[in-house]
Amino acid sequence: MSNLHTETISYDAEGTTLKGYLAYDASHERRRPGVLVIHEWWGLNDYIRRRTDKLAELGYCAFAVDMFGDGKRAKDPTEAGAMMNAVLEDMQTGTARLRAAYQTLAGHRRVDGTKLAAIGYCFGGAMALHMARIGMDLKAAVSFHGSLGSFHKPARGAVLARVLVCHGGADEFVSKQEIEAFKQEMEAAGADYRFIVHEGARHGFTSPEADENGAKYGLPLAYDATADRESWEEMQRLFAAVL
């Protein structure tokens with residue numbers, strides 16, 4: 001897109017400087033819906049930037065969230081796991097970082113702050129679902145091959161977002177018990193949710209780098225072009241309905 005505008009935006013959460021990545025179509029001044037994009041355990045890398053750009057090309061103002069601070073990116077799974085777990089073990093800080101990103105996007109001059117959604121990949125999928133669970137004012141929350149474990153049990157009626165989970169049928173990182181617990185939690189909360197299983201798809205199915213990373217680090221990851229396309233189309237249909 002010739003009019004694609006991108007920039008790094010520094011923002012703050014509880015004294016930590018975070019560096020997000022913003023993208024939008026600069027060919028018009030109209031406010032448009034905003035979409036938060038939450039990264040995998042690798043951090044805010046080029047893959048997440050490409051996804052953010054694709055959302056901008058669809059007409060949204062997209063903001064890739066920095067959950068690790070200072071735009072840090074992991075060089076290997078050991079470092080990635082340490083950075084991810086530092087957030088998961090202190091979800092008060094993690095929640096503050098999500099709220100800070102939400103406020104940064106909602107307040108942007110190009111954004112209609114009444115029409116916001118969040119999407120996330122793997123770790124980021126868990127974070128998008130957390131935003132929905134704690135009742136943040138989102139129209140939609142979408143998880144792509146994300147973790148389903150809960151850090152907050154929502155009260156009935158508390159989930160404001162429409163929830164979409166795109167899950168790989170061959171994902172070895174998410175157990176059947178976790179899937180059942182997630183569905184029960186959503187049912188108890190009266191949430192409007194869809195749980196889609198992409199048969200045969202493994203963890204990381206949307207990432208073209210998944211095959212290389214899986215082979216390099218001995219992890220059960222794989223790209224699946226069909227699941228990638230179909231899950232992205234499901235997200236677009238949901239956004240068309242609610243944004």
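Everything that follows concerns the structure shown earlier in this document.
A short tour of the structure in this document, coming up. (Residues numbered from 1 in each chain as written. Predicted model: local features only at pLDDT ≥ 70, side-chain atom pairs only at ≥ 80, totals over all residues. Heavy atoms only, no water.)

1. With respect to the environment of cysteine 61
Item 1. With respect to the helices, strands and loops of the structure, cysteine 61 is situated in strand β4 (residues 61-65).
Item 2. For the pair cysteine 61 and arginine 229, spaced 168 residues apart in sequence, the C-alpha to C-alpha distance is 21 Å. (Helix = DSSP H or I, 4+ residues; strand = E, 2+ residues; numbered from the N terminus.)

2. Examining the nonpolar core
Item 1. In terms of nonpolar packing, the biggest core is built from 51 residues, with Leu36, Met67, Met131 and Phe182 touching the most fellow members.
Item 2. With seven residues, helix α4 (residues 123-133) is the single largest residue contributor to this core.
Item 3. Dropping the residues within four chain positions of it, leucine 36 is found in contact with Phe63, Val65, Ala101, Tyr102, Leu105, Ala117, Ala118, Ile119 and Met131.
Item 4. Listed in part, the 30 residues of the second largest apolar core include Ala62, Val142, Phe239 and Val242. (Core = buried A, V, L, I, M, F, W, Y, C linked by side-chain atoms within 4.5 Å. Buried < 20%, exposed > 50% of the residue type's maximum accessible area, 1.4 Å probe, protein only. Contact = heavy atoms within 4.5 Å.)

3. Topic: the pairing of strand β5 (residues 111-121)
Item 1. Strand direction decides the pairing type here: strand β3 (residues 32-38) and β5, joined by six bridges, are parallel. Looking at the pairing, glycine 34 lines up with leucine 116 of β5.
Item 2. With five bridges connecting them, β5 and strand β6 (residues 140-144) associate as parallel partners. Bridge pairing in β6 places isoleucine 119 opposite valine 142.
Item 3. Crossover connection from β5 via α4 to parallel β6: handedness right-handed. (Pairing = 2+ DSSP bridges. Right-handed = clockwise from strand over helix to strand, strands pointing away.)

4. Regarding a negative patch on the surface
Item 1. A cluster of acidic side chains, namely Asp12, Glu14, Glu89 and Asp90, defines a negative patch on the protein surface.
Item 2. Examined against the element boundaries, glutamate 14 turns out to sit in the loop between β1 (4-13) and β2 (16-25). (Patch = residues over 30% accessible without salt bridge, like charges linked within 9 Å, V, L, I, M, F, W, Y side chains within 5 Å. Areas by Shrake-Rupley, 256 points an atom, 1.4 Å probe, with all protein chains shown as cover. Salt bridge = Lys/Arg side-chain N within 4 Å of Asp/Glu carboxyl O. Lys, Arg positive; Asp, Glu negative; His and termini not counted. Charge placed at Lys NZ, Arg CZ, Asp CG, Glu CD.)

5. Focus: the environment of proline 208
Item 1. Residue position: proline 208 is located in the loop between β8 (193-198) and α6 (210-217).
Item 2. Along the chain, proline 208 and alanine 225 lie 17 residues apart, while their C-alpha atoms are 8.4 Å from each other.
Item 3. Residues in contact with proline 208, not counting those within four places in the same chain, are Tyr47 and Tyr223.

6. Let's talk about the side chain of histidine 203
Item 1. Structurally, histidine 203 can be placed in the loop between β8 and α6.
Item 2. Taking the relative accessible area as the measure of exposure, histidine 203 reaches 11% and is therefore buried.
Item 3. Excluding anything up to four places from it in sequence, histidine 203 contacts Cys122, His145, Asp171, Phe173, Pro220, Leu221 and Ala222.

7. Some thoughts on the pattern of salt bridges
Item 1. In the structure shown here, the tally under the stated rule is 13 salt bridges.
Item 2. A salt bridge links aspartate 70 to lysine 19; the nearest nitrogen and oxygen atoms lie 3.0 Å apart. Remark: lysine 19 occurs in strand β2 and aspartate 70 occurs in the loop between β4 and α2 (77-88); sequence separation between them is 51 residues.
Item 3. The exposure class of aspartate 70 is partly exposed, given its relative accessible area of 47%.
Item 4. Classification of lysine 19 by relative accessible area gives partly exposed; the value is 32%.
Item 5. Close ionic contact of arginine 133 with glutamate 185 constitutes a salt bridge, the shortest N to O distance being 2.7 Å. Placement of the pair is arginine 133 in helix α4 and glutamate 185 in helix α5 (residues 176-189), with a sequence separation of 52 residues.
Item 6. We classify arginine 133 as buried; its relative accessible area is 2%.

8. Overview of unusual backbone geometry
Item 1. If you check the backbone angles, glutamate 14 has positive phi at about 50° while not being a glycine.
Item 2. With a relative accessible area of 54%, glutamate 14 lands in the exposed category.
Item 3. Positioned with a positive phi, histidine 145 is a non-glycine residue whose angle comes to about 40°.
Item 4. Tracing the backbone shows histidine 145 in the loop between β6 and β7 (162-168).
Item 5. Here histidine 145 falls in the buried class, since its relative accessible area comes to 0%.

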